Amino acid sequence: MSTVTNDDFKSYLTPFNIVTGLIIIAGLIVTVIRFTGGLGAVTNLDDNYPWGIWISFDLLCGVALAAGGYTTAAACYVFGFKKYHSAVRPAVLTAFLGYALVVMALHYDVGRPWRLPYPIFVQQGTTSLLFEVGLCVFLYLTVLFLEFLPTLFEWKGWRKLRDALVKMTLVLVIFGVVLSTLHQSSLGALYTIAPSKLHPLWYSAYLPVFFFVSSIAAGLSMVIFEGSLSHKYLHRMMDSEYNRNHDDVVLGFAKGCSWVLFGYFALKMIGLTYDNNWSYLASGFGAWFLVEMLCFVALPAFLYAVGARDKNFALIKWTAILTVLGIVVNRFNVSLVAFNYHLPSEDKYFPAMMEIIISVFIVTVGVVVFRFVSTRMPVFFEHPEYKGQH
Amino acid sequence: MEFNSMHEFFMHTKTMTYLLMGGILVGAILWWQFLMGEKKPIDNPHRTGEGHDNGHGH
Amino acid sequence: MKRRSFLGLMGAAGAGLAVPATARAAAKDFRGYHDTPGVLFDGTRCIGCRKCELACNQVNNLPEPEVPFDNLEILNTRRRTDSTTFTVVNKFDTPGGPVYRKNQCNHCLEPACASSCFVSAFQKQPDSAVDYDETVCVGCRYCMIACPFEIPTYEYHKAFTPRVMKCTLCGPQMRSGELRLPGCVQVCPMEAMIYGPRNELLTLARRRFAAFPGRYVESIYGEHEMGGTSWLYISGTPFSQVGLREDLGTKSAPELTAGALAAVPVVVGVWPVLLGGIYAINKRKEKIAAQEQQQAVSAALAKAKAEAKENLDASLAKAEESANRRVDNEVKKAVKEALAKKEEELKAAEASATDEEEGK
Ligand code: SF4
Ligand code: SF4
């Protein structure tokens, strides 16, 4: 008897589970410190840097990388790329989880998290772009939840509810695109209020446009990237329909992403010209700006194009990673590196260990939940009873 | 109405605009259904709503 | 009359000035706070004694600092406001010797903190103070990102009731009658600060420029910076040398975000129309494609049917023919057989007849 339990126990001790377990324990400990000792106990935030990596990574990058939900849904249902249909569910699930985690991270970051509903329900600061972001994230999370529910209902076998929701798909998708456009761009627009704090190479009145366009590239790349990950680790959950279309999706998204990155690059050049900031390129910040533009925007645009033309799936996969990295670099540049560029270097912020632990913890929670859901519910496969009914 | 500052002015206009936006989104859905729901129950792939199969509109 | 309470003793008559001239604020010309009270700081008078820091600390009941206020050594390090210090005096070494400048919230005419706060916790009051309402503050700290003067600070060490902290222009104390002037203004031994209607402070500053030629940099910091501030500075050295950024521009926070905010309703108006249209076009294309396919299919079917019918007819005809032929053959065969039989019978009859004849 005891041997059986031992074996059972041992089978859970996979490297994946051990690492996840350790991260989650560490995260829980820091959580306790954060909520009993205040922000000062776990972060390096100060009066010059009120926003640290919880905003840079968890909010700005989190939202941008969860853009796969609205891009894929729009491509499939609005623009009529029906062959992307099998990619919609994983993308929507990732987006839903992504946004849920963003909201979770915000509970750590704001001083009084229990007041997070205040801007919507108590007193509305409508002149604030953060109000815009908050309202849209709240509504979009609801939309994503409704888009995800059919998956849950199919799993549970609640047909009536599921059918009612599926009928609303188009409305939800268009709503999702509107809300995403708004808050993706508003995240960039947050910084338009502080031209004196953000380096001119990154500050632009076009910041909202930059953030929106780059979020499309981020979303598409994340779908490609996650697709290849899931393929490796969750292959057994995929039906032939998913597998048959997977290559199509990857090629189509690679092409689309290359095109979007081209547009993004062009827009950034327009921004430079519009504010006459070319002369800054000769400085240290200028060099870093060029690295961002050339290595993380122009290069992936080119590599995607080559990958799509040659049907080189390995190249596309690596380019997706490069693009995702590029978006992360961009968001960090805007919110940390080029922010407070006028301050002496000793006043600069660097994240504390415990801040990083919380960020890693939150990503880990996301991965675990994704695994839980996608190994049970009809995400990568069509539920046999509802075949072709979307 | 009097506004002491641009901030007060924007606070007012943005609040009104947000309310209007909510109205527009709801209105868009209703209008779409009205527009796409023809009276004759012919084969119509656009129809999204339920229960409007006949007597739609008035 | 002491100069620091310039023009008509604001404290006593606070109520008179507490009403901003809203009547003059025409629809798009927002000058409501241009003649409400402000403070003029004259950098040529400040001696860096830190008395204002002490007064601020006392009137706001802030905790005692680690370094006492009579320690002037600390002036050698550059300091900023923090959650227990609403104002600091910094020393700046300039070619003409040390210069001191006091720093605190400037109580902007178009406060970036108010514009950025998503619960509208900051309000510019009729007495010019930019007030903060801690009962709604979520603690997002976007106000700290937004303030161009790096003023708001946060109580990072508090777990349950962290607040944004900044100078209040002693608004609460003055409204309750506790103070007649802001604490720092009242205590300054050099009368480096003057409290009075902003319009008149601007006039006074210009009068000083005229009265002491060469003593001042002849511009008033805060007159236009970020849309103008209630707190104004004049100085003998360029402002950038005393820690006042001259690259802030004159655009106020609401103007800076106006473009992005204006785009929001446009997206809501345009996107559904555009996306709905694209959807409808695609559906229509799909429908037409489906119809065409159907037509093609039915045409093909009709053709196939016709061909099949022809085939059938042909084969039917053939079958009839062959059937006919078979009948003919049968008949012929039958006739033949019948004839043959008859012949045999005849033969047989003949043969028996001859036998009978032979047997007799
Ligand atoms: S100086 Fe900063 S904190 Fe003070 S009113 Fe202006 S924006 Fe607000
Ligand atoms: S920290 Fe408080 S006062 Fe500042 S913007 Fe956020 S909610 Fe408003």
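The model shown is predicted, which means the values in this text are computed figures rather than measured ones.

**As for the overall build of chain A**
Item 1. On a plain count of helices and strands, chain A comes out with 15 helices and zero strands.
Item 2. For a compact globule of 390 residues, the expected C-alpha radius of gyration is about 21 Å, and chain A comes in at 22 Å, within 12% of that figure.
Item 3. The C-alpha extent of chain A, read off along each of the three principal axes, is 65 × 50 × 45 Å.
Item 4. Relative to its full complement of 390 residues, chain A shows a buried share of 56%.
Item 5. The contacts of chain A with a sequence gap of at least 6 include a subset with a gap of at least 24, amounting to 79%.
Item 6. In the structure as shown, chain A presents an accessible area of about 16,000 Å², 71% of it carried by carbon and sulfur atoms.
Item 7. Counting 26 positive and 23 negative side-chain charges, chain A places the averaged centre of each group 7 Å from the other.

**Remarks on the domain arrangement of chain C**
Item 1. Entries for chain C in the domain assignment read domain 1 (3-251) and domain 2 (259-360).
Item 2. With centres defined by C-alpha atoms, the gap from domain 1 of chain C to domain 2 of chain C works out at 99 Å.

**Looking at the packing of helix α4 (residues 53-65) of chain A against helix α14 (residues 313-337) of chain A**
To describe two helices that pack against each other, one gives the angle between their axes and the distance between the axes.
All names here are of chain A.
Item 1. Put simply, α4 and α14 touch, their axes get as near as 9 Å, and they point 140° apart. Comparing their axes, α14 and α4 come out oblique. Between α4 and α14 lies a crossing of right-handed hand. Residues Ile-53, Ser-56, Phe-57, Leu-60, Cys-61, Ala-64 and Leu-65 of α4 pack against Val-324, Ile-327, Val-328, Arg-331, Phe-332, Ser-335 and Leu-336 of α14.
Item 2. Tallied by class, residues from the contact of α4 with α14 come to 11 nonpolar, two polar and one charged.

**Remarks on the packing of aromatic side chains**
Item 1. Taken as a whole and assessed by the stated rule, the structure comprises 34 aromatic pairs over all chains.
Item 2. Note on A:Phe131 and B:Tyr18: the rings are 5.0 Å apart at their centroids and 85° apart in plane angle, and the pair reads as edge-to-face. In this pair, A:Phe131 is assigned in helix α8 (residues 129-156) and B:Tyr18 in helix α1 (residues 6-36), connecting two distinct chains.
Item 3. Its relative accessible area of 5% is what places A:Phe131 among the buried residues.
Item 4. A centroid spacing of 6.3 Å and a plane angle of 55° characterise the contact between B:Trp32 and C:Tyr279, whose relative ring orientation is tilted. One end of the pair, B:Trp32, is in helix α1; the other, C:Tyr279, is in helix α8 (residues 253-359), on a second chain.

**A closer look at the site of ligand 1**
Item 1. The environment of ligand 1 is made up of C:Cys105, C:Asn106, C:His107, C:Cys108, C:Pro111, C:Ala112, C:Cys113, C:Val130, C:Cys147, C:Phe149, C:Pro152 and C:Lys166.
Item 2. Class assignment for the residues of the shell around ligand 1 results in nine nonpolar, two polar and one charged.

**Some points on unusual backbone geometry**
Residue and element names in this part refer to chain C.
Item 1. Positive phi, normally seen in glycine, also occurs at Ser-128, with a value near 80°.
Item 2. Mapped onto the elements, Ser-128 comes out in the loop between β4 (122-124) and β5 (130-132).
Item 3. Judged by its relative accessible area of 0%, Ser-128 is buried.
Item 4. Positive phi, close to 60°, is recorded for Leu-169, a residue that is not glycine.

**A word on the pairing of strand β2 (residues 88-94) of chain C**
All names here are of chain C.
Item 1. Counting buried residues along β2, five of its seven residues qualify, which places the element largely inside the surrounding structure.
Item 2. In terms of strand pairing, β2 meets strand β3 (residues 97-103) through seven bridges, oriented antiparallel. By the bridge assignment, Phe-92 is partnered in β3 with Val-99.
Item 3. Between β2 and β3, which pair antiparallel in sequence order, lie two residues.

**Notes on the interface of chain A and chain B**
Item 1. In this complex, chain A contributes 11 residues to the contact, which on the side of chain B involves 11 residues.
Item 2. Interface of chain A and chain B: buried area, both sides summed, is about 980 Å²; carbon and sulfur atoms make up 74% of it.
Item 3. Among the residues of chain A in contact with chain B, A:Thr126, A:Thr127 and A:Lys167 are the three that bury the most area, contributing 49% of the side total.
Item 4. In this structure, the connection of chain A to chain B is made through zero salt bridges.
Item 5. Considering only residue class, the side of chain A that touches chain B consists of five nonpolar, four polar and two charged.

**Digging into the nonpolar core**
Considering soluble globular proteins, one finds that nonpolar side chains tend to be buried as a cluster.
Item 1. Of all hydrophobic cores here, the largest spans 188 residues; its most connected members are A:Tyr191, A:Leu198, C:Tyr142 and C:Met193.
Item 2. Taken domain by domain, the makeup of this core includes at least three residues from each of domain 1 (3-251) and domain 2 (259-360) of chain C.
Item 3. Those residues in contact with A:Leu198 that sit more than four places away from it in its chain are A:Tyr191, A:Tyr203, A:Leu207, A:Val334, A:Ala338, A:Phe339 and A:Tyr341.
Item 4. In this structure, C:Leu40, C:Ile194, C:Leu201 and C:Ala205 belong to the second largest nonpolar core, which totals 11 residues.

**Focus: the interface of chain C and chain A**
Size of an interface: often given as the accessible area lost when the parts come together.
Item 1. With 57 residues of chain C in contact, the opposing surface of chain A contributes 58 residues.
Item 2. When chain C packs against chain A, close to 4,900 Å² is buried across both sides, 61% of that on carbon and sulfur atoms.
Item 3. Contact with chain A buries surface across chain C, with C:Phe118, C:Ile145 and C:Tyr156 losing the most and accounting together for 16% of the total.
Item 4. Applying the counting criterion to the chain C and chain A interface returns three salt bridges.
Item 5. Ionic pairing is found between C:Glu134 and A:Arg112, a salt bridge with its closest N-O pair at 3.8 Å.
Item 6. Those elements that provide at least two residues to the side of chain C that touches chain A are α3 (112-116), α4 (142-146), β6 (153-154) and α8 of chain C.

**A short note on the site of ligand 2**
Item 1. Taken together, the neighbourhood of ligand 2 is formed by 13 residues, with C:Cys117, C:Cys137, C:Cys140, C:Arg141 and C:Cys143 sitting nearest.
Item 2. Residues that form the shell around ligand 2 fall into these classes: 11 nonpolar, one polar and one charged.

**Remarks on the confidence of the model for chain C**
Residue and element names in this part refer to chain C.
Item 1. Put simply, chain C has an average pLDDT of 87, and 90% of its residues get 70 or more.
Item 2. Segment residues 6-27 is flagged for pLDDT under 50; beyond a separation of four residues in sequence, or across chains, it makes 38 contacts in the model.
Item 3. What the predictor reports for the complex is a pTM of 0.85 with an ipTM of 0.90.

**Things to note about helix α2 (residues 51-59) of chain C**
Item 1. Listed as buried for α2(C) are C:Cys52, C:Glu53, C:Ala55, C:Cys56 and C:Asn57.
Item 2. Two residues or fewer after α2(C) comes C:Asn61, characterised by a positive phi angle close to 50°.

**A few points about the environment of B:Trp31**
Residue and element names in this part refer to chain B.
Item 1. In this structure, Trp-31 sits in helix α1.
Item 2. When its relative accessible area of 54% is taken as the criterion, Trp-31 is described as exposed.
Item 3. Separated by 11 residues in the primary sequence, Trp-31 and Leu-20 have C-alpha atoms spaced 16 Å apart.

Definitions and limits used
- Residues numbered from 1 in each chain as written.
- Chains lettered and ligands numbered in written order.
- Predicted model: local features only at pLDDT ≥ 70, side-chain atom pairs only at ≥ 80, totals over all residues.
- Heavy atoms only, no water.
- Helix = DSSP H or I, 4+ residues; strand = E, 2+ residues; numbered from the N terminus.
- Rg over C-alpha atoms; globule rule 2.2 N^0.38 Å.
- Buried < 20%, exposed > 50% of the residue type's maximum accessible area, 1.4 Å probe, protein only.
- Contact = heavy atoms within 4.5 Å.
- Areas by Shrake-Rupley, 256 points an atom, 1.4 Å probe, with all protein chains shown as cover.
- Lys, Arg positive; Asp, Glu negative; His and termini not counted.
- Charge placed at Lys NZ, Arg CZ, Asp CG, Glu CD.
- Domains from an automatic or database assignment.
- Axes fitted to C-alpha atoms, helices over the stretch in contact; angles between N-to-C directions.
- Parallel < 35°, antiparallel > 145°, perpendicular 65-115°, else oblique.
- Left-handed = near helix turned anticlockwise from the far one by under 90°.
- Nonpolar A, V, L, I, M, F, W, Y, C, P; charged D, E, K, R; others polar.
- Phe/Tyr/Trp six-rings, centres within 6.5 Å; stacked < 30°, edge-to-face > 60°.
- Near = heavy atom within 4 Å.
- Pairing = 2+ DSSP bridges.
- Buried area = accessible area lost by both parts, 1.4 Å probe.
- Salt bridge = Lys/Arg side-chain N within 4 Å of Asp/Glu carboxyl O.
- Core = buried A, V, L, I, M, F, W, Y, C linked by side-chain atoms within 4.5 Å.
- pLDDT = per-residue confidence, 0-100.

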